[in-house]
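Given next are the chains, with one letter for each unit.
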Number of protein chains: 2
Amino acid sequence: MNGDVVEVVLRGPASPLPADRTPVVVTFAADDRSVAVPGFWDGDDRYVARFRPERAGTWAWTSASDAPELDGLTGRVDAAEPTGHGGVRVAATRHFAHADGTPFRPVGATVYNWLHQDEPLFAETVYAVAAAGLNKLRFQVFPQAGGHVEHDPRLLPFERDADGRWDVARPVIAFFRRLDDAVLRLRAAGVQAEVLIFTAYDDGRFGLGDLTEEQDAAYLRYLVARLSAYDNVWWSLCNEFDLLPRPTERWTRMGELLAAVDPHDRLRSIHQWTRFYDHNLPWVTHASIQNGQAVAELGRAAAYRDAYAKPVVFDEILYEGDEPERWGHLSARELVHRFWVATVEGCYATHGESYVLSNGSLHIVQGGPYRGESPVRLGFLRGILDELRVPGLDPIDHFWDEAFVAGRARQVYLQYLGRSALSEWTFRLPQGNAGERLEVGDRFLVEVIDTWGMSVTSAGEFVLDDVRRNDAYATGSAPVPLPAGRALALRITRQR
Amino acid sequence: MNGDVVEVVLRGPASPLPADRTPVVVTFAADDRSVAVPGFWDGDDRYVARFRPERAGTWAWTSASDAPELDGLTGRVDAAEPTGHGGVRVAATRHFAHADGTPFRPVGATVYNWLHQDEPLFAETVYAVAAAGLNKLRFQVFPQAGGHVEHDPRLLPFERDADGRWDVARPVIAFFRRLDDAVLRLRAAGVQAEVLIFTAYDDGRFGLGDLTEEQDAAYLRYLVARLSAYDNVWWSLCNEFDLLPRPTERWTRMGELLAAVDPHDRLRSIHQWTRFYDHNLPWVTHASIQNGQAVAELGRAAAYRDAYAKPVVFDEILYEGDEPERWGHLSARELVHRFWVATVEGCYATHGESYVLSNGSLHIVQGGPYRGESPVRLGFLRGILDELRVPGLDPIDHFWDEAFVAGRARQVYLQYLGRSALSEWTFRLPQGNAGERLEVGDRFLVEVIDTWGMSVTSAGEFVLDDVRRNDAYATGSAPVPLPAGRALALRITRQR
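Summary of the structure given here. What you see is a predicted model; the values in this text were computed from it and never measured. (Residues numbered from 1 in each chain as written. Chains lettered and ligands numbered in written order. Predicted model: local features only at pLDDT ≥ 70, side-chain atom pairs only at ≥ 80, totals over all residues. Heavy atoms only, no water.)

1. Looking at the interface of chain B and chain A
Right, so step 1: Every contact between the two is made by 30 residues of chain B and, on the other side, 30 residues of chain A.
Right, so step 2: A buried area of about 2,700 Å², summed over both sides, lies between chain B and chain A, and 50% of it is on carbon and sulfur atoms.
Right, so step 3: Per-residue buried area on chain B facing chain A is highest for B:Arg326, B:Phe399 and B:Trp400; these three make up 29% of the total on that side.
Right, so step 4: Along the contact surface separating chain B from chain A lie 4 salt bridges.
Right, so step 5: Linking B:Arg326 and A:Asp397 is a salt bridge whose minimum nitrogen-to-oxygen distance equals 2.7 Å.
Right, so step 6: Linking chain B to chain A there are 14 residue pairs in polar contact (both at pLDDT 80 or more).
Right, so step 7: Tallied by class, residues from the side of chain B that touches chain A come to 12 nonpolar, 9 polar and 9 charged. (Contact = heavy atoms within 4.5 Å. Buried area = accessible area lost by both parts, 1.4 Å probe. Salt bridge = Lys/Arg side-chain N within 4 Å of Asp/Glu carboxyl O. Polar contact = N/O pair within 3.5 Å; in protein donor to acceptor, adjacent residues only side chain to side chain. Nonpolar A, V, L, I, M, F, W, Y, C, P; charged D, E, K, R; others polar.)

Pasting the structure below:
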């Protein structure tokens, strides 16, 4: 299980090089392409450079290092045809696609302290996430402290110096090999690994939230050298970054460093508590936002899309559960509702579960099987999204139209009728921009989606016979009868 | 009427200098302060530099120019004590205040083609705006073309060259003196002059929307040299900038030029149609946004405040009137509602009126007396805002709290109950952040504001007796009876 990654293993000094530099850079070259990949120390005298080629072929490599043993080495390595669709990139401005062009619609999961759990929890989490149909997992590299966390991890990321302080120049290899394995397990399960690099939840317990900026940078370089070749990696600089008393500029420097040192250019963002980060900055590839209110009702979330011409992912919209704190006891129906709101606002969202477990912990902390009723319905939503043959759903005429229909004009539309639909729906579509305008005679298949019941029912075809400046109607067709009171959506697909 | 402006008038070459440079720079110095002010050609051999000192005193000045007649001149000039509060600046991150610290709450008006109207319309507009209590007027320098505009302006801004093309090196002095006068008239009426510098509404009629970037820059320099000393000037680079087929980078270059050449550093923004400008860029002082939907319901607009850590002004939320297009027939009640929504979202808004006049025009085009019922009620709102003794209203706990209360925690709160209030309101306030937390025994005066009826009625004092983690109650007091069905707000003021 190598995740389509090519590795070059070298022998060098039997202790790590200074933390403030990359021990070796290996440049891979084939045809007209050349990629310089930072290597990393992997214990004893072992140094590794990992590279994810985009296609099969033979790559010549050359090493460069301050250490003579690691410098000027050359070789050739054969890459097999990649097995997956490749890393996820931003596509169509506010959406995502794999390197091969296949759209990717994140329907994410959150288990902050997953990496630090023992078996069987560790494996059960991957199974639960994948079985529900969720396709991204947010988790911390550093262990969590604080409420609901009784767990003492067996492995920590660094050795300590003689004074008991963290020595980021000496990573604990067993810790990071476990992290490699964690990312590859998610990859095998078809799940993106959203790596939360720094922590705001240390509370002084492990001392990993108080590293200096230089220590943070050394760790970041190591982490990127180690993981970025895995094509399911996403980077999140921190969860709730503004909980930490640090100037925003420090986060910006760290984000810019991340962008500069990652040869695979994986997705990058940062997640806030109450003070927003400027997601318009160039190092940020997509906006990762905490704001449950923004997806509680239609008409709110798209404002973030307006402000950030990038994908918007709501990576925290409250959790399904029974935790008494107000972030922790959303009903499953309400959480599913919020995902559908996010969807028709042209955004994406992430799940978390917070039923209080017998040991006092929560699923968002330790993982394991899901107890809630929302995950399978979010998997159903993901299926609906995966069936779309368009790059993504964009709000249509959203500064004006109060139906909040999303889609690609004149191709396919999704309309969400809210928590409790009325007893019928009369066919109507908002107009798109010039060049995409609806015309008399356009035919559409209407399907009624029960977002909770997880069914899709055809309501037949509709032909436009009344096309106006701002919207279009099929007056020759009767209204669509609906099971009133249910949380319904409509999929409206052009027929050719 | 000089608007607290000091002028230095010089004699120089009897025709304008090349358009791509400033003809003379006059540096004013007093005590430890020195300000270099670009001068401008004012016809014949007359060159003027205008400067707005912040306090009374004697300023020594020196000129510098490529033209020998204008270079190396010196003098002294006495500035009287300024008569007003000084120019408006950003204050408290997302609000505004005058130079002397007096808060300024924009409740704006819009008359795009005002500058190009004859009397009595020209004067009537100023009177109508000021009499209604509106305190900012958005208007174009360049004349409007297009629907509802039958007007041929008597004056245009530039002379034409031998081939009939605009010669931006030769401004029409009578045009710009009229513009000076327009700004000063607004100042005398207590109205901020929001100058729309470039135009997206030329439609090829005057050819002023097709100037080259160099011509735009020459005009911008001239305009800034001429107007920026007037302390009621705000700059708006363009209304609906994205209607023009120009790369965004050109707007950014022009905005950065504006920031660089304005010695008085007046407020700067740009207003969009459907594609947002990145208001996080440093040259932008506040976000000027068109989006009527964002203030139609509570819970939407504050997202723009999250994304932009700057004041947010909704400079177009549809107009009160009877124009059949969907931007033109908002009811007065709905427009007043939207202003109150903007207010409790911590934002500001701008009015416009579009009843179709007997000549086919609209108030937003030509101005004149108001016919609508909203302006006086917006003046009432402005009065409420002016009574606040805090820098501005910020949403309290808006990622969570569904009451959408704005204010300054533990000082004063404004809550808006929507288009149609229920028959009673039970006292409840959301908690603020640490250091501003409500405590048992805190006393508050509650006043019921009828936003349409323009009345403020005391509902008595309430004492907190049940303070929780996220909100606080006065369970010892009965609910406040309300005139159900009216558009009401509550002002809740801490008593000491």
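2. Section: the packing of aromatic side chains
Right, so step 1: Tallied over the full model, the rule gives 58 aromatic pairs over all chains.
Right, so step 2: Joined through ring pairs, the aromatic side chains of A:Phe142, A:Phe158, A:Trp166, A:Phe198, A:Tyr219, A:Phe241, A:Trp251, A:Tyr277 and A:Trp283 make up one cluster.
Right, so step 3: The ring of B:Trp166 is capped by B:Arg160, whose NZ or CZ atom sits 3.7 Å from the centre of that ring.
Right, so step 4: The aromatic ring of B:Phe122 is capped on one face by B:Arg178, whose charged end is 4.4 Å from the ring centroid. (Phe/Tyr/Trp six-rings, centres within 6.5 Å; stacked < 30°, edge-to-face > 60°. Lys NZ or Arg CZ within 6 Å of the ring centre and 35° of its normal.)

3. Section: the pattern of salt bridges
Residue and element names in this part refer to chain A.
Right, so step 1: On inspection of all chains with the given rule, the structure shows 88 salt bridges over all chains.
Right, so step 2: Of the charged contacts in the structure, one is a salt bridge between Asp-394 and Arg-305, with a shortest N-O distance of 2.9 Å. You can see Asp-394 sitting in strand β23 (residues 394–395) and its partner Arg-305 sitting in helix α5 (residues 302–307), a full 89 residues away along the chain.
Right, so step 3: Take Asp-394: its relative accessible area is 19%, and that puts it in the buried class.
Right, so step 4: Arg-305 gets classed as buried once you look at its relative accessible area, which sits at 7%. (Helix = DSSP H or I, 4+ residues; strand = E, 2+ residues; numbered from the N terminus. Buried < 20%, exposed > 50% of the residue type's maximum accessible area, 1.4 Å probe, protein only.)

4. As for the sheet that holds strand β9 (residues 95–98) of chain B
Strands in a sheet are paired, the pairing made by backbone hydrogen bonds, and the direction either parallel or antiparallel.
Right, so step 1: If you walk across this open sheet you meet the 3 strands as β8-β9-β10 (chain B), and the pairing is antiparallel. The open sheet has two edge strands, β8 (88–91) and β10 (103–104) of chain B, and neither has a second partner. (Pairing = 2+ DSSP bridges.)

5. Comments concerning the packing of helix α3 (residues 213–227) of chain B against helix α4 (residues 248–261) of chain B
Residues and elements named next belong to chain B.
Right, so step 1: Closest axis-to-axis distance for the α3/α4 pair is 10 Å, and the angle between their directions is 25°. Taken together, the axis directions place α3 and α4 in an arrangement best described as roughly parallel. The element α3 and its partner α4 pack so that their crossing is right-handed. From α3, Glu-213, Asp-216, Ala-217, Leu-220, Arg-221 and Val-224 reach across to α4, where they touch Arg-250, Arg-253, Met-254, Leu-257, Leu-258 and Val-261. (Axes fitted to C-alpha atoms, helices over the stretch in contact; angles between N-to-C directions. Parallel < 35°, antiparallel > 145°, perpendicular 65-115°, else oblique. Left-handed = near helix turned anticlockwise from the far one by under 90°.)

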